[in-house]
Structures are given as C-alpha cells and as structure tokens.
Amino acid sequence: MSDPVLRCENITRIYRTGAVEVQALRGVTMRLDAGEMVVLLGASGSGKSTLLNILGALDTPTSGRVFFGDTELTRAPDRELTRFRREHVGFVFQFYNLMPALTARENVALVTEIAADPMRPEEALERVGLGHRLHHFPAELSGGEQQRVAIARAIAKRPELLLCDEPTGALDSATGVTVLEALTQVNSDLGTATAIITHNVGIQAIAHRVIHIADGRIARETINEVRIPPSEVTW
Amino acid sequence: MVSALDRKLLRDLLRLWAQVLAIAAVLACGVMVLVLGTGTRASLEASRAQYYDRQRFGDVFVTATRAPETLLPEIAAIEGVARISPRIVTQALLDLPGVTEPVSASVLSLPASGAAPVLNAPLLRAGRLPDPSHPEEVALYAPFAEARGLAPGARFFAVIEGQRRELVVTGHVLSPEYIYTIGPGAMMPDDALFGVLWLGHTAAAAATDMDGAFNSLSVSLSRGASEPGVIAALDHLLAPYGGTGAHGRADQVSHAFLQSELEQLGAMALILPPIFLTVSAFLVNMVLGRLIALERPQIGLLKAVGYTTRAIAAHYLKLALGIGLVGIVIGWVAGWYLGAAMTRMYTQFFRLPWLIYAPSSWPFAVSAVLALVTVATGAGRAVAGSVRLPPAVAMQPPAPPLFRRGWADAIGAGLGLRQTTMMILRSITRWPGRAAVTLFGVAASVAVLIASFFTYDAMELMVDEIFTKANRQNVTLMLAQPENDRAVADARALPGVIVAEGALSLPVRLHNGPRAELTTLTAHPAQVTLSRLIDDQGRAVSLPDHGLVLPEGLARKLALAPGDRVRVEGLSPPRETWEIPLAATIRQTLGQEAHIAAPALAALMRQAPQVNRINLRVDPAQMPALQAAVKATPAIAGLADLARTQEQFTATINENLAISTVIYSALGMLITMGVVYNAARIQLSERSHELASLRVLGFRRAEVGYVLVGELMVLTLAALPLGWAAGYGFAALVVQGFSTDVVALPLVVQRRTFGWASLIVAATALGAALLVRRRLDRIDIVQALKARD
C-alpha cells in the first residue's frame, strides 16, 4: 500500500441550529491513498457530504484531525486551507457549479490561471471528450457535458486529490456513464486519488475500495478485487 | 388587525433595513432640497413682506439735486401715487474715536415733526429717535453701531457737506431700505466701514442748504397703479431739478440683492430634486426587482392558496411606498431643520428684524406626492412583470441566465484578460439595464459634485478678474461732486500715491424704441492702467474713440446690435440726451454697465473731462497717512480699500462655499452610496453561489472580492466621463438659474474640479462596495453551495 494522500482521525461534526443539535459525523477515521479510487456509499443524511466537505477543507470538524500528507489541515488557518484547495484538490459537484458567464474553455482557464503547473484548458477538455465544445457557455451544454466541463476544470491543475459529490446525481444513467468514464480515465491516466460520494449502489463497482457510511459512522469497508468499467454499470 | 401579508411587509422592511435606508436617503435628499429651498424662500419672503408692510417700504424711489417742497402736491396728485415721503439724503465721512480708516455713511433726514417717516420708517432697536430740536442727535444703523461699539449716548465726529460736527447717538435702528447694505463704490457689505445715520430734518436741511427742498423721494403706489406710468411722471416733474431717474423696487439695491438670493433658492429647489428622485426610482426598481425574483416561489405559493394578482402586486407596491415614507420623513425632518438653520444663516447678510420660519405646507405635500410617485413608478415594472406568472411557473426557480458572446469577448481576447475579469465584463453585458442604473447613478453623483465644486472655480475667476485683472488699484476715492482733471493731480499728491487715474460714472437710462434700461455710464480715460475693462476671456478691452461699448447681456435686453444708435438719457446734471452709436458689445463676467472713452463723453457734454472717482495705486506702508489725509479732505466722500474688500470677499465666499460644498458633497456621496451599495447587495445575493464556488476552487477572498467589487468599479470608472459631461451641463444650468442682474456666475470648470469630483465618487463607490465585500468574507462556503443544491 502506498502512502496516504489524505487521512482523517476520529472526526466528528455537530451542527447547531438554534436549540437543535445535529451530529452529522460520529468519529470517522479513514485514508485515501495515491492513485486510489474510493467510493463513499451511503443513504441521504448519512453524513457523507459532510465528510467530503471536511476532507476538502470546505468545513472544519468539531473534533478529530485531518492530514494532507504531513500537514494537519485541522490546525491550518483559512489562508492555508485556501492554498490547499487551490493547489491540491479538484472538486466535482452534483450541480456542476460552473460559472454561467464563462465558456467551457474559460471555466477551465479560471483554474489554470491560478495553478502552479496546470495542463492547457483545451487538453483538459479533450481528456473528457469535449474538445469540440470549447466555446460554448454552460447554458448551451447538456447536463452531462456541463459535468464533464466541471471534471476538466477539477483535473486541469493536476491535483493530488479529486473529490466528487454525487457527480451523477443530476444525470440520467447513459449520461452518468460518460461522466464516470471520464473520472476513471483521469484516475488511471493521472494517478489522481479520487473520492466519489454517491448513494447509487451500482457505482461502487468501479472503485478500488468502497466505504459504507451510515448514521455518521463508517459501517464497513470493502475492497473490489475485480473492478468493472463504468460502461457495465447499471442503475 | 394586521394581515399576514402586512406583517411580512413590515418584516421585509426591517430585514432589508440597510438597503431601504440607502434608497430612502437618496429620496430624502430630493425631498429635503425641495422643502429646504422653498421653505427658506417662503420664510424669507414672509419675513420681508411683513417687514416691508409694517415699516411701509416704498414702491418707487427717486433722487434729485434739489427739488422744492412746493412740487410735492403735484407729485402727490400723480395718478397711482398713494403716499409720498420726501427727505434729504447726503453722504458723510465719519471720524470715529480710535479708528484710522475713513468710514463713510449715508445721512437720511427724518421728518421735521419728529414722527416716523411716512414711508421707509426706521425700526427702533435700542434707545430713541433723534429729537428734532437737537441737531446733534442721530440714530445709527444698528449693525454699524454694533460693529463700531457706538452705544446710545456715544459721541463721534462727522464731516457732512464739508462741515465737521460732533454728533451724539440716541438709538439704533434697522430699515427696510437697508436689509442688505452696501456702501457706494463697495463690492460687498462692510458694517464697520459704511453706516447709515438718521438725522433731524432741520439739522439735515441746514447742513445741506436744503431748507424748503428735498433731494430724495419715496412713493407708495395705490392698488392697480402703473409703476412705469408713475416713474415717467416723476421723471418728468423732477427733470428740471436734477432728478436722476425714478426706479421701482427691482432697482433698489437692498431689495435687488435679497430678491436675487430668493431666486437662487427657487432655482435650487427646481434643479436638484429631479436628480435625486430619478435615481431613487431606479434604485427602487432594482431592489424590488431582485426581491421579487428571490420571492418567486413565495409568490407562486400565495397565488396557489388563492391570493389575487392584485393583492400580491399591492403587497410589493406597499413595500416600495414604505421605502418612500421613510425617505419622506427623513427628508421632511432634514429639510425643516436645515431650512431653519439656513434661514438663520441669512441673517448674517440680510438684516431682517425678525425671521418667520414658517414654510408653507405645500412643499411638504408636493415633495411627499413626488416621492411616492417616484417609488411607485420605480416599483411598477418590477412588480407588474413578476406577479403575472402562473403559480406553477412562479414556484419553479427562474431559468439560468443565458450568456452570449459579444464585445466583451473581443476585448477579453485582445487584452488577454483573466477569467475573473471576463466574468465582470460578461455580467455587465448580460444585465445592461442594471449596469445602466449604476452608471447613471454614479454619473449623477459626479454631476452634482461638479455643479457644486465649480462655484469655487467661478469665484476664483471672479476674484482674479475683479482684483487682479480689472482693478489694479488698491484704493478708490469717491468724490462728493464731479471735479475736473485737476482733482486727479491733487490725488497724486496725497501720501503714498504711486499712480492716480480718474473716471466718471453717471446714472443714465438707455433707450431703444420702447425698451429702456437704467444703468451707469462710465467714462474711462485713455491709456488706463488701473481700473480696466475686461472681457470674459480675461483680456483687457480698449475702448474705441467714439461710441458706446455694452455688455452682451445689456445689449440683448435692449435688442441692440453694434452699429445701432442708442438714446442715452443722462440722469444727472446737465441731464442731456445723446444719440450714440453702439460701437461694440463685449462678453463680460461682471457688471452690466455701459462704457465710453472719456474724451468722447466730454465732447458730448461739451465740457472739459470730469471725474467723480479716482483710482489709486498706493504704497501699502503709507495707507494710514493716506487715510488720515482723506479724512481731512471734505471733497472726498469715501474711500474703498480693495485689499480689505478682497480679504472680506474671499473670506465670505470661502465660508459660504465651505458650507454648501459639505452639503453637496454629502448629497453626491449619498447617491453613489445608495446606488453602489444596493447594486453590490443584489450582486451578492444573486451570485453568492457562484462566488462561493470560486472559494471552493481555491480563489482567495481578495480574488473573489475582486469579481464583486471589480464590476462596480468598472461601472464607476465608466460613469466618470458621463458624469463630467453631465456635470458641465448641470453647471451651465446652475449658472443660468443662479445668475441674476446683480451676480453673473461665469461658467468655468477647472480640471481639478473634475478630478476631485471623480476621486470622491470613486472612493465612495469603493467604500460602498467594500462594505458589501465584508459580507462576502463572512459567507459560509458550504451553506452558499447548499442554497442551490
């Protein structure tokens, strides 16, 4: 087993809204290794999005520690966390989060302009099969195409870590497959450690490892001896 | 019982308090200026009217050299004359204890009976009026007495008609003729250097050798009388006695100055409010449009449960009216308070015995109606568009904005702009209407500031023209009578005099057919070096050997063009009328006088050149010696010290401009604040998801802030040239609105004025945008992303 890119130890997260207290995570310990593709599987409200937000330094845990390599993120100031996201993490969200005012190429360029050693925006888009849609605005692209632009944007900086929150959640299965193909392709070509959050049981088959989350805890962990390609996934 | 919708309304107003206040403040400015301008004007007019009425201020005024009292019944019989009040007026030089500079005064006689005059009755403020049987007793113009510390009982010397005599003060008075008091030859009031003395009739008659005669007359008109008719009859009757031309209140110095100030207040109340009201209408439209967009699902729900379109439209309209009400209340209170303060400020310049601050109710009513119409108009389109949606459509989120390639792409590609900059440009092109509101608002701010600040430039130019280019003398001597050229030679012999040049100013009436204007004809000597004629470009104008030179404004009033012949009616002895060709017109910043070369006038008058004022360049170190010499020369009726005048002029202007600049800067900044703050809040509310996404992608706070602040600053910078043009036009309007026969502002806007206005507006816009950026910093990334998901 290679060195972990990211690991967390016993993290908890409690949300307080007025008098109501919700415990979203109840002591999660996990690791993500270089080149690995992990699926975090769980039902709605199981705490998997909270976990991903904490791993991506979008949120801070109530207790526990998160390490990126040897750097402890849980102790880092906001500026350090921004730098972490800027240099090391790519995000893919369910609703793409593209800038409506920028074309596909420009959405990717948005990130390459501030990255240290990025690939060209055109190259990133070609990797996800969108070399011919460079100058289209998000509103002119289908959902699957928009999500692939989001993936191109996430990988263009050559991140060590790719965090995907329900990347196929808003797509039909055929389109979803194209998105998953893009993700597995990037994972194998660039060796980017990839975590995919989903409630879709079918998707777990494409991962090296599956972490089952229920009620804010890791319920179990399975390793896929045999991975199947996204084209064979059904849901 | 407050309905559920009205509860929502109140809570919305409270929740949106910062935006509500920002719009209400702009609206309040319009309301305030309207209430302030018309209120102050109404108060001054009411105070003046009551004062005129109680003290019986005359309607027509005339002076003569010496008219017999036997003429009075004939004057009283003129059709339209109600009452007449003859008197003796002369000038005096005062010698006050411990005062080196010569102080001049007008001396007015009181009726022999000891009663108050029939017209222009002085109003006693302290002590008593002089006793007719005590020729040494005088009442003093109260501000002069206060400036010189001359309490009742005080004694001083005066040279009246060449006789030095000791006088004793019996009381202090104010007069409707002297609400604004300016000495002969002076450019502005100076209570320490010019006073008015009221003296018993017998003493005045004895001093001026006017027993059984008068040289000044005031007339009140009966209802419906024709003022021009009475003036013509008076001029006819008094012509043999050296009448200098009767005139109405419009040409009475004090009345004319106060009137011009009142007209300026009226102009302010007319020019400014539309700007503020228009900007607030756009702001209401912008903010309400956004609020309705955010509340689309709620509107759908309300409709689904059975609320009518009309009820929902009324709800949002009420919200707009709520903003309007806040603005009205702020505007009313500020207008009332500042109106009272401004009315008080006027007492510095206008000596009214009392001030009735009673603004009528109509400016309040009109401003409220205007404000409500403004917000309702602003709300109209935003409300109409959205409440018509069917419930099912309304409950869906609106379609995402569709962007297209346009000019922004050409610029972006050409300049290799970063994507965050492209986002700014595309947002502007995607919502041009909203960008236009920001652009228009910011430009309006710049215009308001330029229109306020340019008065400094105009004043500076005026000061430069008056004190540097036109008048290079530092002293002007006013002679009691016109004298021949020898007087200039005599003046040259006075202590400290380096250069002396004479001039002759005569009261004249210019005629062209039925048109006539009362003015002064000044004869300038050839080779003049001190008091020069200056055109609007600051160039010295040399007079032609023959013919008249008139300022353009005066020529226009008389419908005269160069080459036309002008009938010039001399109103002082020898009272001749000449036909003189108009040689040229000049554009003049200052003055509405007619000019002629001295030899030309002397030839017309068939006499040796005469002078009645002498301009001097004096060694400043010798001023006290000169002043002492002047005091001892009865032929000199007064001395104007131009250095002192300039000092006072500049100080007064600076003080007044400082106040108005602070007020207008605040108004201008409020517009920018209101526009940019609201635009930024709307941007933040619409784009929080997008901006949070940038944070997720690793953009720093400053970089994300750039997208928000950058767009507003790009619009602000783009608005500046527009504001410059609008400001110049606005300044031209101010010049037109504020210029009167008495004061003509030149239209000159210096580069630094454009610069300052731009700098203040840009800084305010940046401040407003950064205020909202702080909110951006506090945004919870996860929450912002969830808001959409």
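Now for a look at the structure at hand.

Cut-off values and rules
- Residues numbered from 1 in each chain as written.
- Chains lettered and ligands numbered in written order.
- Predicted model: local features only at pLDDT ≥ 70, side-chain atom pairs only at ≥ 80, totals over all residues.
- Heavy atoms only, no water.
- Helix = DSSP H or I, 4+ residues; strand = E, 2+ residues; numbered from the N terminus.
- Rg over C-alpha atoms; globule rule 2.2 N^0.38 Å.
- Buried < 20%, exposed > 50% of the residue type's maximum accessible area, 1.4 Å probe, protein only.
- Contact = heavy atoms within 4.5 Å.
- Lys, Arg positive; Asp, Glu negative; His and termini not counted.
- Charge placed at Lys NZ, Arg CZ, Asp CG, Glu CD.
- 1 Å grid on protein atoms, 1.4 Å probe; cavity = no way out; pocket = protein on both sides within 12 Å on 5 of 7 lines; lining within 4 Å.
- Points joined across faces, edges and corners; volume = space filled by probe spheres on them.
- Nonpolar A, V, L, I, M, F, W, Y, C, P; charged D, E, K, R; others polar.
- Patch = residues over 30% accessible without salt bridge, like charges linked within 9 Å, V, L, I, M, F, W, Y side chains within 5 Å.
- Areas by Shrake-Rupley, 256 points an atom, 1.4 Å probe, with all protein chains shown as cover.
- Salt bridge = Lys/Arg side-chain N within 4 Å of Asp/Glu carboxyl O.
- Buried area = accessible area lost by both parts, 1.4 Å probe.
- Polar contact = N/O pair within 3.5 Å; in protein donor to acceptor, adjacent residues only side chain to side chain.
- Pairing = 2+ DSSP bridges.
- Axes fitted to C-alpha atoms, helices over the stretch in contact; angles between N-to-C directions.
- Expected span 1.5 Å × (residues − 1).
- Arc of directions from axis to C-beta.

**Notes on the overall build of chain A**
Each helix and strand counted, chain A has six helices and 10 strands in total. Radius of gyration (C-alpha) of chain A: 17 Å, near the 18 Å computed for a compact globule of 235 residues. In terms of principal-axis extent, the alpha carbons of chain A reach across some 50 × 40 × 40 Å. Counting only residues that meet the buried cut, chain A has 57% of its 235 residues in that class. The contacts in chain A between residues at least 6 apart in sequence include a share of 71% that link residues at least 24 apart. For chain A, the distance from the average site of its 24 positive side-chain charges to the average site of its 29 negative ones is 5 Å.

**Some words on empty space enclosed by the protein**
Residues and elements named next belong to chain B. Tallied over the entire structure, the rule returns eight cavities of 30 Å³ or more. For the largest cavity, the calculated volume is near 190 Å³. Residue lining of the largest cavity: 17 residues in total, with A186, D190, L193, L639 and A640 positioned closest to the centre. Secondary-structure elements contributing two or more residues to the lining of the largest cavity are β20 (636-641) and α19 (642-696). Each residue belonging to the lining of the largest cavity can be placed in one class, and the counts come to 10 nonpolar, four polar and three charged.

**Here's the deal with a nonpolar patch on the surface**
All names here are of chain B. The grouping of W17, L21, V326 and I330 at the surface amounts to a nonpolar patch, some 360 Å² of accessible area in total. At the level of elements, α2 (17-54) and α9 (309-346) are the ones that each hand at least two residues to the nonpolar patch. Mapping L21 onto the fold places it in helix α2. L21 sits in the partly exposed class, given a relative accessible area of 42%.

**A look at the interface of chain B and chain A**
Facing the 29 residues of chain B at the interface are 29 residues of chain A. Carbon and sulfur atoms supply 61% of the area that chain B and chain A bury against each other, a total of about 2800 Å² over both sides. Applying the counting rule to chain B against chain A returns four salt bridges. Viewed at the interface, chain A and chain B are joined by 11 residue pairs in polar contact (both at pLDDT 80 or more). Here the side of chain B that touches chain A gets six residues from one element, more than from any other, and that element is α19(B). Of the residues assigned to the side of chain B that touches chain A, the class counts are 13 nonpolar, five polar and 11 charged.

**A look at the sheet that holds strand β1 (residues 60-68) of chain B**
Residue and element names in this part refer to chain B. With respect to topology, four strands assemble into an open sheet ordered β2-β10-β1-β11, the strand pairing being antiparallel. Among the strands making up the open sheet, the edge pair consists of β2 (81-87) and β11 (247-248). By the bridge criterion, two bridges tie β1 to β11 in an arrangement that is antiparallel. Note that in β11 the partner of V60 across the bridge is G248. Contacts from helix α6 (residues 227-238) reach β1, β2, β10 (213-221) and β11 within the one sheet, and its direction differs from that of β1 by about 10 degrees.

**Concerning the environment of V111(A)**
Relative to the assigned elements, V111(A) resides in helix α3 (residues 104-112). Residues V111(A) and F91(A), spaced 20 residues apart in sequence, show a C-alpha to C-alpha distance of 11 Å. Once you skip the residues sitting within four places of it in the chain, V111(A) turns out to touch R153(A), K157(A) and L697(B).

**Here's the deal with the pattern of salt bridges**
Residues and elements named next belong to chain B. Going through the model one piece at a time under the given rule, you end up with 47 salt bridges over all chains. When the shortest N-O distance is used, the salt bridge between R41 and E45 registers 3.4 Å. Highlighted residues: R41 and E45, both in helix α2, separated by four residues, approximately one helical turn. A residue is classified by how much of its surface remains accessible, and E45, at 30% relative accessible area, is partly exposed.

**Thoughts on unusual backbone geometry**
We note that N97(A) has phi near 50 degrees; this positive angle belongs to a residue other than glycine. Even without glycine at this site, R56(B) takes up a positive phi of about 55 degrees. Relative to the elements of secondary structure, R56(B) occurs in the loop between α2 and β1. Owing to a relative accessible area of 27%, R56(B) belongs among the partly exposed residues under this scheme.

**Examining helix α1 (residues 4-15) of chain B**
Residues and elements named next belong to chain B. In a regular helix each residue adds 1.5 Å, so 12 residues correspond to 16 Å; α1 covers 16 Å between its end C-alpha atoms and thus fits that length. Within α1, burial applies to L5, K8, L9, D12 and L13. Summarising the axial view, the buried residues of α1 lie within an arc of 135 degrees, below the 170-degree limit, and thus occupy one face. Exposed residues on α1 whose side chains face more than 90 degrees from its buried face are A4, R11 and L14. The inward-facing, buried residues of α1 abut α2, α8 (296-304) and α9.

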